[in-house]
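Residue-level listing of the chains:
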Amino acid sequence: MSKADDIGAAAPDIQHEERVVTPPLKGLKSRDADVAMALFDSPEQMHEDIDPDEEKKLVRKIDLMILPYLAVCYAFFYIDKTTLSYAAIFGIREDLNLKGADYNWLSSVFYFGFLFWAFPTNFLMQRLPIGKYLGANIFGWGFFLMLQAAAKNFGQLLALRFLAGAAEACADPSFMLITSMWYTRRQQPVRMGLWYTANGFGIALGGLLGYAIGNIKGALPSWKYEFLIIGALCCAWGIIMFIFLPDSPVTAKGLTRSEKRMAVQRLRGNQTGIENKHLKWYQVKEAFLDVKLYLFFMLGTVCNVPNGGISNFGTLIIKGFGFSQLGTTLLQIPYGILIAISILICVYLNDRFVNKRCVFILLFLAPNIAGAFGLRFLPANQQAGRLVAYYLTGPYNAAFVMILSLQTANTAGHTKKVVTNAVLFLGYCTGNVRQFRISESLPISNNSIVGPFFYLTSQAPGYELGIWSMIVSHLIEVCLILAFWFLLSRENRRRDKLQASMEGGLEGRDLDTTAFADMTDKENLNFRYIY
């Protein structure tokens, strides 16, 4: 029987066996241990003291090595998502003769590509150098975006958006893995907030670029320049990331050997390890038997039903308030700035108040619920009030950052992390794709079935069904966060009680023996959940 099978079968005994785990360097096969073990020649090196001032210097160095690349990439990630929205107000629907639900399908097919490639891309991330893999995919997504300018009809544009979605499927999961490789669990929300804040700046920059592109008086329609310029910028950044983004603390060229050791040692308390390049099937099985995986899937779904609508229909909603095309693009700028500010406030408060992540998720969902109700019930002639209500939907991004940090902080075992990442973003795609619903089957000519979308053209500019989908999704999200809070706090209390009854008690736990053993959060009794 393999070690993986033995661990999976003996789950009830793990908690007691863990007290006598052999030091990792002597007791684990190289494929079972974390890659961080390659930095240590003896178990004693794992226990070297870390000077706090030296650690602060190292963290600042790591921030400069990692965060700028992820932040700029994330800005492009959101700009790319809104290119179709800007193309819509620049005339793509008329030029390509898009009719009925064609625009809706173009919005959603991107996420079908994401769905199709979600699991393969996450497993490839485990096997391949993650910095190189991410850079190559960013280049590919920019390339497919540029090709959309050459589309002659709906079918060609549909295929290209599917491929772009597949290329982008690695973005968020890889950012989460990279963040968990380099930062402590307490530091992760702030760093996630910093790169995710670029989402807001991406909206603001997208508004400026949209305004500038809308004023180009060239030989091509403005929507083609939108695809060409944004796509070329993405390709260039993909090349930069391929060359300069480190793959892990173990192999980073910008760190000395002693700095690499310190970068790894300071993460012992995470109990989540750095990386393991071998797929472990018992961790795949455990992931699918863990209720957290299904909570993350549902959270990914309900968080992104509003996101899909706002991303793809935000400019159309604002235009429906009565503003001009270029005025509409400019009014996206304060929305993006509000998102950035709300994320920074949220992660700052979370850093000040330890283990309150679920509380801050609920607090930052409140404005979104209020804004969605405002969009639904304020009269159409209340233009200023409806615009404010639209802006209030921005802080959902802060709540989503905290949900991402819940996943990185509460999943251990590299294969399990990869699987949980994939399922979370399957939910993400489902939420974005789930902008449509199937009504009664309506056979038309030789086609199959037509399903009207939540954001129905016939309901413009109010999009009543779409706004209700936002309200219901946020309310479901509140219930899921409360369930998550209850389950994790109960499990921590159970583990505290169990370990307190063992020899040595809670204070006698040996965290070093499990820190880099690539154990899952279920099998590692030393692991504590953060909520």
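Our structure's up above, just so we're on the same page.
Here goes a summary of the coordinates provided. (Residues numbered from 1 in each chain as written. Predicted model: local features only at pLDDT ≥ 70, side-chain atom pairs only at ≥ 80, totals over all residues. Heavy atoms only, no water.)

### Describing the overall build of the protein chain
Assigned secondary structure in the protein chain consists of 22 helices and zero strands. Within the protein chain, the proportion of its 531 residues that are buried is 59%. Considering only contacts in the protein chain between residues 6 or more positions apart, those separated by 24 or more positions represent 82%. Accessible surface, the protein chain as shown: approximately 20900 Å² in total, 64% of it carbon and sulfur. (Helix = DSSP H or I, 4+ residues; strand = E, 2+ residues; numbered from the N terminus. Buried < 20%, exposed > 50% of the residue type's maximum accessible area, 1.4 Å probe, protein only. Contact = heavy atoms within 4.5 Å. Areas by Shrake-Rupley, 256 points an atom, 1.4 Å probe, with all protein chains shown as cover.)

### Examining the nonpolar core
Within the largest apolar cluster, 125 residues are counted, with the highest numbers of intra-cluster contacts made by Ile 66, Leu 70, Leu 134, Trp 182, Trp 195, Met 241 and Leu 404. Sort the elements by how many residues they give to this core and helix α4 (residues 52-89) lands first, with 20 residues. Discounting chain neighbours no more than four positions away, the residues touching Leu 134 are Leu 70, Cys 170, Ala 171, Ser 174, Phe 175, Ile 178, Met 241 and Leu 245. Membership of the second largest hydrophobic core comes to five residues, among which are Val 284, Leu 293, Val 419 and Val 423. (Core = buried A, V, L, I, M, F, W, Y, C linked by side-chain atoms within 4.5 Å.)

### Re the packing of helix α16 (residues 332-352) against helix α19 (residues 396-410)
With their axes 8 Å apart at the nearest point, α16 and α19 run at an angle of 40° to one another. The angle between α16 and α19 places the two elements in the oblique class. Considering how the two elements wind past one another, α16 and α19 form a crossing that is right-handed. Contacts between α16 and α19 involve Tyr 335, Ile 339, Ser 342, Ile 343, Cys 346, Val 347 and Asn 350 from the former and Tyr 396, Asn 397, Ala 398, Val 401 and Met 402 from the latter. Partitioning the contact of α16 with α19 into residue classes produces nine nonpolar, three polar and no charged. (Axes fitted to C-alpha atoms, helices over the stretch in contact; angles between N-to-C directions. Parallel < 35°, antiparallel > 145°, perpendicular 65-115°, else oblique. Left-handed = near helix turned anticlockwise from the far one by under 90°. Nonpolar A, V, L, I, M, F, W, Y, C, P; charged D, E, K, R; others polar.)

### With respect to the packing of helix α17 (residues 357-377) against helix α18 (residues 383-391)
Running from N to C, α17 and α18 point in directions that differ by 145°, and their axes come no closer than 7 Å. The handedness of the crossing between α17 and α18 comes out as left-handed. The segment α17 lies against α18, with Gly 371, Gly 374 and Leu 375 engaging Arg 386, Ala 389 and Tyr 390. Residue classes in the contact of α17 with α18 are distributed as three nonpolar, two polar and one charged.

### A closer look at the pattern of salt bridges
One pass over the full model with this rule turns up 15 salt bridges. Two residues, Asp 521 and Lys 416, come together in a salt bridge whose shortest N-O distance is 2.9 Å. In this pair, Asp 521 is assigned in the segment after α22 (512-515) and Lys 416 in helix α20 (residues 414-433), connecting sequence segments 105 residues apart. Judged by relative accessible area, which is 0%, Asp 521 ranks as buried. Across the salt bridge formed by Arg 495 and Glu 491, the nearest N and O atoms sit 2.8 Å from each other. Of this pair, Arg 495 and Glu 491 are both found in helix α21 (residues 464-500), four residues apart, which corresponds to roughly one turn of the helix. (Salt bridge = Lys/Arg side-chain N within 4 Å of Asp/Glu carboxyl O.)

### Quick look at the side chain of Ser 405
Relative to the assigned elements, Ser 405 resides in helix α19. For Ser 405, a relative accessible area of 0% corresponds to the buried category. Excluding residues within four positions of it along the chain, Ser 405 makes contact with Pro 189, Met 192 and Arg 357.

### Considerations on α17
For α17, which comprises 21 residues, the first-to-last C-alpha distance of 31 Å matches the rise-based estimate of 30 Å (1.5 Å per residue) to within 8%. Restricting attention to buried positions, one finds in α17 the residues Arg 357, Cys 358, Phe 360, Ile 361, Phe 364, Leu 365, Asn 368, Ile 369, Gly 371, Ala 372, Gly 374 and Leu 375. In the core, the buried residues of α17 are packed alongside α10 (188-214), α16, α18, α19 and α21. (Expected span 1.5 Å × (residues − 1).)

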